[in-house]
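Chains, contacts and geometry: an overview
Each chain, letter by letter, is given below.
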Protein chains: 2
Amino acid sequence: MTLTAAPYCYTNPRPAVSTDVVIFTIRAQHLKLLLVQRADGGPGGKWVLPGGPVRQDEDLDASARRKLREETGADVYLEQLYTFGRPGHNPRERVITVAYCALIPSDKLQLRAATDAEAVGWFGMDELPGLTSDHSEIVELAHQRLVAKLDYSTIAFEFMPELFALSDLQEVYEIILRQEIDKRNFRKWVLALEQIEETDEERRGGTHRPARLYRVKHPGKVAIIK
Amino acid sequence: MTLTAAPYCYTNPRPAVSTDVVIFTIRAQHLKLLLVQRADGGPGGKWVLPGGPVRQDEDLDASARRKLREETGADVYLEQLYTFGRPGHNPRERVITVAYCALIPSDKLQLRAATDAEAVGWFGMDELPGLTSDHSEIVELAHQRLVAKLDYSTIAFEFMPELFALSDLQEVYEIILRQEIDKRNFRKWVLALEQIEETDEERRGGTHRPARLYRVKHPGKVAIIK
DNA sequence: CCAAAAGTGTTTGAGGTACACCCATGT
DNA sequence: ACATGGGTGTACCTCAAACACTTTTGG
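Quick notes on the rules
- Residues numbered from 1 in each chain as written.
- Chains lettered and ligands numbered in written order.
- Predicted model: local features only at pLDDT ≥ 70, side-chain atom pairs only at ≥ 80, totals over all residues.
- Heavy atoms only, no water.
- Salt bridge = Lys/Arg side-chain N within 4 Å of Asp/Glu carboxyl O.
- Helix = DSSP H or I, 4+ residues; strand = E, 2+ residues; numbered from the N terminus.
- Buried < 20%, exposed > 50% of the residue type's maximum accessible area, 1.4 Å probe, protein only.
- Phe/Tyr/Trp six-rings, centres within 6.5 Å; stacked < 30°, edge-to-face > 60°.
- Pairing = 2+ DSSP bridges.

The name given to chain A in an unreviewed UniProt entry is NUDIX hydrolase, and the organism recorded there is Candidatus Muproteobacteria bacterium RBG_16_64_11.

Here's what the structure looks like:
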């Protein structure tokens, strides 16, 4: 090992630190998450969560946000999930992973054109390709947390575009919770939160009464609701 | 810098990774947390959270647990809080801190005899000595999270000794929430959770009716309550 | 006029809150 | 007997859940 190959030397061993991001969106009536396939040669390369080493001069949040932007171009809600740090087999190559979770509204959903280096794709929770066990664990935790947060926060609003109908929002809840919700009760509940407001726009589409459109009052801020 | 002084070399810079633990207990009718004072020479050494570098072969949880044991001898409820990783001034000496929170029941509260190297002490939230700004931030977050969790989990039970009276438990809630609670309503609520059970022990103490003692049904497991 | 989604109120039950007195003991 | 904390029940109110029909539009 030469100095030019490994010029960063410490008196104690140090782990490599990466961030991995679970990026969720709602698409085609399903909750999906983004995976990338590194072109490590073979055609059946492993799909993995977007992620990689934290730069030395970069905050953890910034690192996760950079990866989010690199893959999706979107700059949206992002929160730290959990930090995983099982020692690996090789003590000199230990990796610590700070996992993040991001939510993309359907209207900001345009994948960055895949580079030569990797393919990107959205996968439903039921159709995930084989992931490494730590990536499975991260995805599992992110999903649990998302479901739990629907109950006590306005996190689901982060999936909504600028303008949306109440039935769009209801659909998001139904998709994530995997259960139907009574329309009248849902409307009463969500309006009572006072976190969305009516606009005077409406949306006509198809052979039925147009839907009134709403907007999130404080976009990007997730409120805790008791 | 010689090879023997810095034998661990990498092609990219790596941060040092530490764990810091916020250790809470209830003592003398106050919520207190443990700080240590490194004997860095001067008498007015800085008080800091117990913490330090993660060993290379050690899980993050294990690292936090080790520090918990080193300072208190106790092996109790511990959860990961958040990971902080602002880049510091010197890019070669960046530190990433994984913060944990631990809760010690009053009966397991015996501080390890302080070594020559450091003093240890319990401080109320209102009487904290000046901490570094990142330690303040960690303490703040741990406190918020504790208060929030009282509402939707049985985390407060982790403060209880093996056997306790309902009024002891109520007192814990009152201390942390800083508000009085109606005795009858509290008892109805806590019993309806079905997470503690009556024993046939009672405690006599002072000039009044003895208190029935209860026990936590699933010690060490924090239940989420709707 | 028909199909399709949008929109709207009322009743009921569970659980949370407010509130005051009797009980068992030690001195 | 009295002071001290331990222990109990009821009335009310709020909020979540169940439930069905009318409205507006496009074809």
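**Details of the pattern of salt bridges**
All names here are of chain A. If you walk through the whole model with that rule in mind, you get 32 salt bridges over all chains. With its nearest N and O atoms 3.6 Å apart, the salt bridge here joins Glu 127 to Lys 32. Here Glu 127 is found in the loop between strand S8 (118–124) and helix H2 (133–152), whereas its partner Lys 32 is found in strand S3 (residues 30–38), with 95 residues between them in sequence. On the accessibility criterion, Lys 32 (14% relative accessible area) is buried. Linking Asp 182 and Arg 184 is a salt bridge whose minimum nitrogen-to-oxygen distance equals 3.9 Å. On the basis of relative accessible area, Asp 182 is assigned to the partly exposed category, the value being 35%. If you follow the salt bridges from partner to partner, you end up with Glu 198, Glu 202, Arg 204 and Arg 212 in one network.

**Regarding the packing of aromatic side chains**
What describes a pair of aromatic rings is the distance from one ring centre to the other and the angle between the planes of the rings. Per the counting criterion, the structure on display carries 12 aromatic pairs over all chains. Three or more aromatic residues joined by ring pairs form one cluster here, namely Tyr173(A), Phe186(A) and Trp189(A).

**Concerning the sheet that holds strand S9 (residues 164–165) of chain A**
Residue and element names in this part refer to chain A. Pairing within the open sheet is antiparallel, and its three strands lie in the order S9-S11-S10. The open sheet is flanked by S9 and strand S10 (196–203), the only strands paired with a single partner. Pairing of S10 with strand S11 (residues 211–216) involves five bridges; the strand directions are antiparallel. Across the sheet, residue Glu 198 finds its bridge partner in S11, namely Tyr 214.

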